[in-house]
Amino acid sequence: MSMADAEPGEARSGEASHPGNALGGGPEVSAARAMALVVRRELRLSFRRPEQVLQPLVFFLIVTTLFPLGLSLQLSLLRDMAPGVLWVAALLSSLLSLDALFKSDADDGTLDQLALSGQSLTAIVVAKTAAHWLVSGAALVLVSPLVGVALGIPVAIFPTLLGSLALGTLSLSWLGAIGAGLTVGLKRGNVLVSLVVLPLAMPLLIFGAGATDRAAAGISSAGALYLLGSLCVFTCTLAPFAAAAALRITLEG
Amino acid sequence: MDSAPQGLTIEKIHVWRGDRHVLKGVSLALSPGELLQVAGPNGTGKTTLLRVACGLLRPDQGGVAWCGRPIAGIRPQFQSALVYAAHEPALKGDLTALENLRYLVGLRRSVRTAELEAALERTGVAACAQLPVRVLSAGQRRRVALARVLAMRSPLWMLDEPFTNLDAAGSALVTDLLREHVSGGGSALVVAHHEIVLSARLRRLELQG
């Protein structure tokens with residue numbers, strides 16, 4: 001992989017300028033540049049289809065606002081349940097968008113082109129998942145203070161809430177990438193993605209809601225947050241390889 | 001068997017899809033400056049052969065080699081040398097023709113907009129460069145996909161039914177592009193029912209059911 005690809009001076013105009021059929025090097029474009037390109041493409045596609053981005057967010061908002069309505073007269077109960085409610089809603093709404101991670105690319109043949117781009121499939125999976133988190137997980141983290149206020153969560157624990165949600169949704173995106181990679185070849189894979197991902201996501205839910213709970217009770221939430229952080233690092237480093245392998249199996253099968 | 005160190009060789013590949021024995025020991029060799037047309041009735045594994053040839057599908061038996069080396073060991077180099085145009089054009093409806101090209105070709109090599117516009121011009125869809133692909137007709141999409149093949153500048157073309165949805169002028173364009181590519185030292189593996197009229201080296205492989 002050469003770094004000289006940024007040079008605009010390589011003016012090879014005219015026909016038949018390819019280097020012949022000899023065994024050449026890999027792609028001219030470095031993996032980092034390729035990943036940046038994939039992220040840009042994903043973000044642009046998301047902004048052209050805002051309803052796909054908004055759907056999980058609206059689901060998150062609706063589910064969390066239904067709880068205060070259902071438990072109207074018991075504010076103390078609501079306040080106790082709020083972290084759990086918020087976390088379950090975040091988990092489910094993240095799952096909602098995850099099965100589509102590779103689906104549209106697989107349906108229109110783009111996935112084949114990405115797999116044949118000469119770039120490593122792992123790099124492409126990393127870029128796609130990161131872009132997906134930016135428009136789903138990060139957006140969810142940003143609207144969660146709104147929900148927190150509605151559920152009566154004290155403002156003092158918002159930093160813990162936002163931090164735990166950020167780590168949790170990021171880990172969940174990586175886990176979801178594995179599930180999405182495994183089920184991309186199936187006609188109706190979305191239920192299967194949930195079945196594959198939800199058991200793996202239980203530690204995230206337990207420690208995420210736990211961190212927020214502890215902060216609300218005035219106890220240090222550092223332990224739970226550290227655990228969440230380590231889970232995040234674990235999934236960030238290993239899941240891309242697993243997801244790329246899953247995708248390759250689906251492609252070759 | 002041509003055992004030239006250059007070009008693509010496929011050695012006795014077998015592919016089963018479930019119980020169906022789709023490819024039964026197909027072998028072929030493709031040297032630079034050569035076009036191989038794969039023909040045969042529907043369902044005889046032409047697309048499967050193409051997918052095996054570009055490494056998207058692993059054959060159950062046999063192997064594919066590029067420049068005399070099995071492609072499994074030289075994946076990035078092999079992939080950088082080939083461009084595959086599947087039956088579906090692999091374009092995003094929400095992106096413009098130009099964006100579609102930029103994002104796919106850009107993974108392979110750094111490419112300037114002018115170059116992509118020139119490719120679109122060559123395939124006769126320059127006017128659609130800034131339009132979202134979803135508003136284009138099937139034939140125009142096919143032409144945009146052809147522009148992608150051109151812009152990749154790969155020595156090895158693998159085209160699945162490139163004549164589909166194209167008018168007479170479009171079919172003539174594909175033939176012209178193939179002729180230029182092959183006479184420039186490139187090689188092409190083309191699945192087509194259409195008779196390809198080419199003065200250059202053209203061979204046909206008939207697949208039977």
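Residues numbered from 1 in each chain as written. Chains lettered and ligands numbered in written order. Predicted model: local features only at pLDDT ≥ 70, side-chain atom pairs only at ≥ 80, totals over all residues.

### Observations concerning the confidence of the model for chain B
As a general rule, the predicted coordinates of low-pLDDT regions are not to be interpreted in detail.
Now for step 1: Here chain B shows a mean pLDDT of 89. Residues at 70 or above account for 96%.
Now for step 2: Under the prediction, the complex receives an ipTM of 0.90, its pTM being 0.87. (pLDDT = per-residue confidence, 0-100.)

### Overview of the interface of chain A and chain B
How big an interface is tends to be stated in terms of accessible area lost as the parts join.
Now for step 1: At the junction of the two partners, chain A supplies 37 residues and chain B supplies 39 residues.
Now for step 2: When its residues are assigned to classes, the side of chain A that touches chain B shows 14 nonpolar, 13 polar and 10 charged. (Contact = placed C-beta atoms within 7 Å. Nonpolar A, V, L, I, M, F, W, Y, C, P; charged D, E, K, R; others polar.)

### Things to note about the nonpolar core
Now for step 1: With 135 residues, the main nonpolar core has B:Ala53 and B:Met158 as its most contacted residues.
Now for step 2: Beyond its immediate sequence surroundings of up to four residues, B:Met158 is in contact with B:Leu50, B:Ala53, B:Cys54, B:Leu82, B:Tyr84 and B:Leu189. (Core = buried A, V, L, I, M, F, W, Y, C linked by C-beta atoms within 7 Å. Buried ≥ 20, exposed ≤ 12 C-beta atoms within 10 Å, placed from the backbone.)

### Overview of the sheet that holds strand E3 (residues 34-39) of chain B
Residue and element names in this part refer to chain B.
Now for step 1: Strand order across the open sheet formed by 5 strands is E6-E7-E8-E3-E9, with parallel pairing between neighbours. Both outer strands of the open sheet, strand E6 (82-85) and strand E9 (201-206), are each paired with one neighbouring strand and no more. Across this sheet, the average inter-strand angle for adjacent strands is 15°, counted without regard to direction.
Now for step 2: For strand E7 (residues 156-160) and strand E8 (residues 187-191), the ladder comprises 5 bridges, and the chain directions are parallel. Residue pairing in the sheet places Trp157 in a bridge with Ala188 of E8. (Pairing = 2+ DSSP bridges. Helix = DSSP H or I, 4+ residues; strand = E, 2+ residues; numbered from the N terminus. Axes fitted to C-alpha atoms, helices over the stretch in contact; angles between N-to-C directions.)

### A closer look at the packing of helix H7 (residues 137-150) of chain A against helix H8 (residues 158-183) of chain A
How two helices pack is summed up by the angle between their axes together with the distance between the axes.
Residue and element names in this part refer to chain A.
Now for step 1: Where H7 contacts H8, the axes come no closer than 9 Å and their chain directions differ by 150°. The angle between H7 and H8 places the two elements in the roughly antiparallel class. Every pair of crossing elements has a handedness; the one defined by H7 and H8 is right-handed. Counted together, Gly137, Leu140, Val141, Ser144, Pro145 and Gly148 of H7 and Phe158, Leu161, Leu162, Leu165, Ala166, Thr169, Leu170 and Ser173 of H8 form the full contact between these two elements.
Now for step 2: Taken together, the residues of the contact of H7 with H8 break down into 9 nonpolar, 5 polar and no charged. (Parallel < 35°, antiparallel > 145°, perpendicular 65-115°, else oblique. Left-handed = near helix turned anticlockwise from the far one by under 90°.)

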